[in-house]
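Coordinate inspection notes
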Amino acid sequence: MTANGWSQILLFFAIIFAITKPIGLFMARVFSGERTFMDPVLKPVERVLYRLTRVDPEREMTWIEYAVSMLLFSGVTMLVLYLMQRVQLYLPWNPQKLANVGQELAFNTAGSFTTNTNWQNYAGESTMSYLTQMAGLAYHNFTSAAVGIALAIAFIRGIARREKQTIGNFWVDMTRATLWVLVPACVLYAVVLIAQGVPQNLRPYDTAKLVESQTIQSTDASGKPTTKVTTEQTIAQGPVASQEAIKMLGTNGGGFFNVNSAHPFENPTPFSNFLQMISIFAIPAGLTYTLGKMTGSIRHGWAVWSAMAVLFLAGVTTAYWAESKGNPLLKGVDQRASITQTGGNMEGKEVRFGITNSALFATVTTDASCGAVNAMHDSFMPLGGMVPMVNIMLSETVFGGVGAGLYGILIYVVLAVFIAGLMVGRTPEYLGKKIEAFDIKMAMLTTLVFPFTILILTAISVLKGFGTSAILNPGPHGFSEVLYAFVSTAANNGSAFGGLSGNTSWYNMTLGVNTLIGRFFMIIPMLAIAGNLARKQAVPPSAGTFPVTTPLFSVLLVGTIVIVGALTFFPALSLGPILEHLLMQAEKAF
């Protein structure tokens with residue numbers, strides 16, 4: 001841990017704080033129907049889209065109509081992506097003649113990108129054609145992010161409205177999220193990435209002669225060792241910058257290349273690396289201010305932001321500390337930071353980014369359910385690797401994915417004010433709305449679905465041969481690889497411990513189903529809460545009302561998230577990274 005490292009982390013945190021208000025204020029104006037500087041250009045486009053799709057922008061929806069529209073849209077677009085993968089060999093823009101994607105992998109990928117998860121059981125540059133990348137995967141990067149923003153805005157309206165049966169129009173919210181927020185930002189962002197050196201073309205892959213031939217040893221299907229001498233290297237490229245922009249701003253995380261943001265074509269410079277981290281948090285942080293603005297309580301928005309910030313700082317501090325200490329098993333090896341070396345545990349990390357930016361990137365991408373990586377989480381120290389896992393286990397509450405982070409933490413806000421109400425013996429209230437039995441039942445349903453699906457599927461996978469056969473590491477580390485996979489897909493994150501070979505029938509199907517459960521089974525109860533809150537009358541504050549604008553509320557919210565969220569998984573963590581850390585201290589590695 002160095003002063004230079006801490007200065008980079010604090011600079012990142014300061015920039016996120018600075019951009020929260022302007023981004024949040026802009027989104028509040030967009031979704032409130034107020035005039036913005038982009039209206040002269042985008043309003044005519046919006047009207048044309050409504051005419052073509054026969055959407056009445058003045059007609060609002062109940063929470064059930066909103067949910068049905070969202071599910072139908074997601075289902076149809078998921079089917080289109082599945083079919084595109086299955087026939088990509090016969091479609092244009094496939095200069096490498098990449099084969100059709102198998103049915104199980106196509107299902108996994110379609111479910112993953114539809115739900116903003118972007119879990120990848122494949123190497124992008126050797127599996128997906130340019131058309132599939134652009135019209136299939138990048139399209140879902142936009143729409144899944146727009147759906148998340150729309151759902152967050154619907155929840156905010158449910159809190160803000162009084163005695164209303166509706167929470168907005170799904171088609172209007174998604175259209176405005178795409179046109180006003182995502183597309184303009186991604187166009188500018190892609191241009192910056194191109195200037196940094198990220199490719200944007202439709203050329204076939206290039207080949208280059210190696211200075212020295214390389215001997216590659218491998219094992220064939222029968223288990224017989226084979227040796228191959230190669231004299232050429234294939235240099236993959238394609239429409240990378242356009243996909244990289246929405247990958248980050250939409251907290252999607254799916255990489256054009258197999259090694260994601262560790263690849264120099266996806267993340268070529270320290271500036272692009274820093275910009276990518278900023279862009280992951282930009283919209284989720286801004287939505288906390290949007291919450292305060294649209295509900296008429298700016299201080300409440302900042303209180304929610306503060307709770308997120310506390311959890312973020314706790315995570316990045318732990319990860320940075322764990323990775324900076326290095327590996328105690330490397331006795332006699334100098335692992336201290338100095339002028340000539342970064343120090344710490346550099347296994348699985350890019351020398352361009354070092355310990356600080358690897359730990360920071362890992363914390364940011366798992367706080368925000370993005371899943372992009374610039375280092376291999378599987379190579380982190382046990383406690384360093386536990387931080388990304390715990391971040392995901394908190395259910396997208398630490399800034400979280402675009403939209404998903406806000407409505408995720410608002411579920412915990414409902415639980416926090418309920419707990420506060422029990423403490424003072426009064427009916428809990430939240431911004432002038434009484435929190436009643438139905439709201440708590442829906443909130444608890446959301447929080448129970450998440451661990452239920454993760455722990456059951458993890459248990460089956462580590463007990464049955466079809467699950468254990470894909471684990472490449474023994475002991476607690478192998479258990480962590482499986483647990484991380486199901487946590488990551490249920491929380492729509494998509495990052496992985498790379499030691500799990502996920503491209504099998506069992507993992508393709510279960511992880512694909514897990515992404516759908518983690519997205520939609522948690523969204524529907526959330527919309528039910530929003531609809532129920534919108535129908536309620538305003539309740540004037542009284543002496544027994546627990547204020548949700550104070551530091552005390554932020555502390556209570558953090559405590560609720562940690563107790564309800566993180567401690568649910570403590571037994572599983574004890575079998576994985578915690579046990580691995582203790583065994584490492586006893587000089588045993590996995």
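The following refers to the structure shown. These numbers were taken from a predicted model, which means no experiment stands behind them. (Residues numbered from 1 in each chain as written. Predicted model: local features only at pLDDT ≥ 70, side-chain atom pairs only at ≥ 80, totals over all residues. Heavy atoms only, no water.)

1. A look at the overall build of the chain
Regarding its fold elements, the chain presents 20 helices and four strands. Its C-alpha atoms give the chain a radius of gyration of 24 Å, within 12% of the compact-globule value 25 Å for 590 residues. Look at the contacts in the chain between residues 6 or more apart in sequence, and 78% of them connect residues 24 or more apart. Carbon and sulfur atoms provide 65% of the accessible area of the chain, an area that totals close to 23500 Å². Here the chain contributes 36 positively and 30 negatively charged side chains, and the mean placements of these two sets differ by 7 Å. (Helix = DSSP H or I, 4+ residues; strand = E, 2+ residues; numbered from the N terminus. Rg over C-alpha atoms; globule rule 2.2 N^0.38 Å. Contact = heavy atoms within 4.5 Å. Areas by Shrake-Rupley, 256 points an atom, 1.4 Å probe, with all protein chains shown as cover. Lys, Arg positive; Asp, Glu negative; His and termini not counted. Charge placed at Lys NZ, Arg CZ, Asp CG, Glu CD.)

2. Concerning the packing of helix 6 (residues 130-160) against helix 17 (residues 505-535)
Taken N-terminus to C-terminus, the directions of helix 6 and helix 17 make an angle of 30°; their axes are 7 Å apart at the nearest point. Taken together, helix 6 and helix 17 sit at an angle that is classed as roughly parallel. Crossing handedness for the pair helix 6 and helix 17: left-handed. Side by side, helix 6 and helix 17 meet where S144, V147, G148, L151, A154, F155, G158 and I159 of the first sit next to R519, I523, M526, L527, I529, A530, L533 and A534 of the second. Looking at the contact of helix 6 with helix 17, its residues break down into 12 nonpolar, three polar and one charged. (Axes fitted to C-alpha atoms, helices over the stretch in contact; angles between N-to-C directions. Parallel < 35°, antiparallel > 145°, perpendicular 65-115°, else oblique. Left-handed = near helix turned anticlockwise from the far one by under 90°. Nonpolar A, V, L, I, M, F, W, Y, C, P; charged D, E, K, R; others polar.)

3. Focus on unusual backbone geometry
For N118, which is not glycine, the phi dihedral falls at a positive 60°. With respect to the secondary-structure elements, N118 resides in the loop between helix 4 (103-114) and helix 5 (124-127). Look at N118 and you get buried, because its relative accessible area is 2%. For E163, which is not glycine, the phi torsion reads 55° and is therefore positive. (Buried < 20%, exposed > 50% of the residue type's maximum accessible area, 1.4 Å probe, protein only.)

4. Here's the deal with the nonpolar core
Core analysis: the largest hydrophobic core is formed by 121 residues, its most contacted members being F12, F155 and L527. Setting aside anything within four residues of it in sequence, one finds F155 in contact with Y407, L410, I411, M526, I529, A530 and L533. Within the second largest apolar cluster, 31 residues are counted, among which are M389, V487, Y507 and L573. (Core = buried A, V, L, I, M, F, W, Y, C linked by side-chain atoms within 4.5 Å.)

5. As for the pattern of salt bridges
As a working rule, side chains carrying opposite charge can pair if their charged atoms are close by. If you walk through the whole model with that rule in mind, you get 16 salt bridges. For the salt bridge of E46 with R176, the shortest nitrogen-to-oxygen distance reads 3.0 Å. Here the residue E46 occupies a position in helix 2 (residues 39-53), and R176 occupies one in helix 7 (residues 170-196), the gap between them amounting to 130 residues. On the accessibility criterion, R176 (5% relative accessible area) is buried. Where E232 meets K209, a salt bridge forms, and the shortest distance between an N and an O atom there is 3.6 Å. Highlighted residues: E232 in strand 2 (residues 225-235) and K209 in strand 1 (residues 206-219), separated in sequence by 23 residues. In this structure E232 comes out as partly exposed when scored by relative accessible area, which is 41%. Relative accessible area serves as the criterion here: at 66%, K209 is assigned to the exposed category. (Salt bridge = Lys/Arg side-chain N within 4 Å of Asp/Glu carboxyl O.)

6. Some points on helix 17
Between its first and last C-alpha atoms helix 17 spans 46 Å; for 31 residues at 1.5 Å apiece the expected length is 45 Å, and the two agree. Where burial is concerned, most of helix 17 is hidden: 22 out of the 31 residues are buried. (Expected span 1.5 Å × (residues − 1).)

7. Focus on helix 6
What sets the pattern is the α-helix's 3.6 residues per turn: residues three or four places apart point alike. Its 31 residues place the ends of helix 6 44 Å apart at the C-alpha level, agreeing with the 45 Å of an ideal helix rising 1.5 Å per residue. Extensive coverage of helix 6 is indicated by the burial of 26 of its 31 residues.

8. Describing the environment of K209
As for K209 and T234, which are separated by 25 residues in sequence, their C-alpha atoms are 9.2 Å apart. Those residues in contact with K209, other than ones at most four positions away along the chain, are T231 and E232.

9. A closer look at a nonpolar patch on the surface
A cluster of nonpolar residues, V45, V48, L49 and L52, forms a patch on the protein surface that exposes about 340 Å² of accessible area. If you trace the backbone, L52 turns up in helix 2. (Patch = residues over 30% accessible without salt bridge, like charges linked within 9 Å, V, L, I, M, F, W, Y side chains within 5 Å.)

10. Some details on the packing of aromatic side chains
On inspection of all chains with the given rule, the structure shows 26 aromatic pairs. Ring centres 6.4 Å apart and planes at 55° place the aromatic pair Y130 and Y205 in the tilted group. Note that Y130 is positioned in helix 6 and Y205 in the loop between helix 7 and strand 1, a separation of 75 residues in sequence. Note on F281 and F312: the rings are 5.5 Å apart at their centroids and 75° apart in plane angle, and the pair reads as edge-to-face. Taken together, the residues F281 in helix 9 (residues 270-295) and F312 in helix 10 (residues 298-325) connect sequence positions 31 residues apart. Across the pair, F312 and F281 agree in class, each one buried. Through pairs of rings, three or more aromatic residues link up here, namely F12, F13, F17, F274, F281, Y289, W302, W305, F312 and F399. Positioned above the aromatic ring of W180 is the side chain of R176, whose terminal nitrogen or guanidinium carbon lies 4.0 Å from the ring centre. Taking NZ or CZ as reference, K349 lies 4.3 Å from the ring centre of F380, over its face. (Phe/Tyr/Trp six-rings, centres within 6.5 Å; stacked < 30°, edge-to-face > 60°. Lys NZ or Arg CZ within 6 Å of the ring centre and 35° of its normal.)

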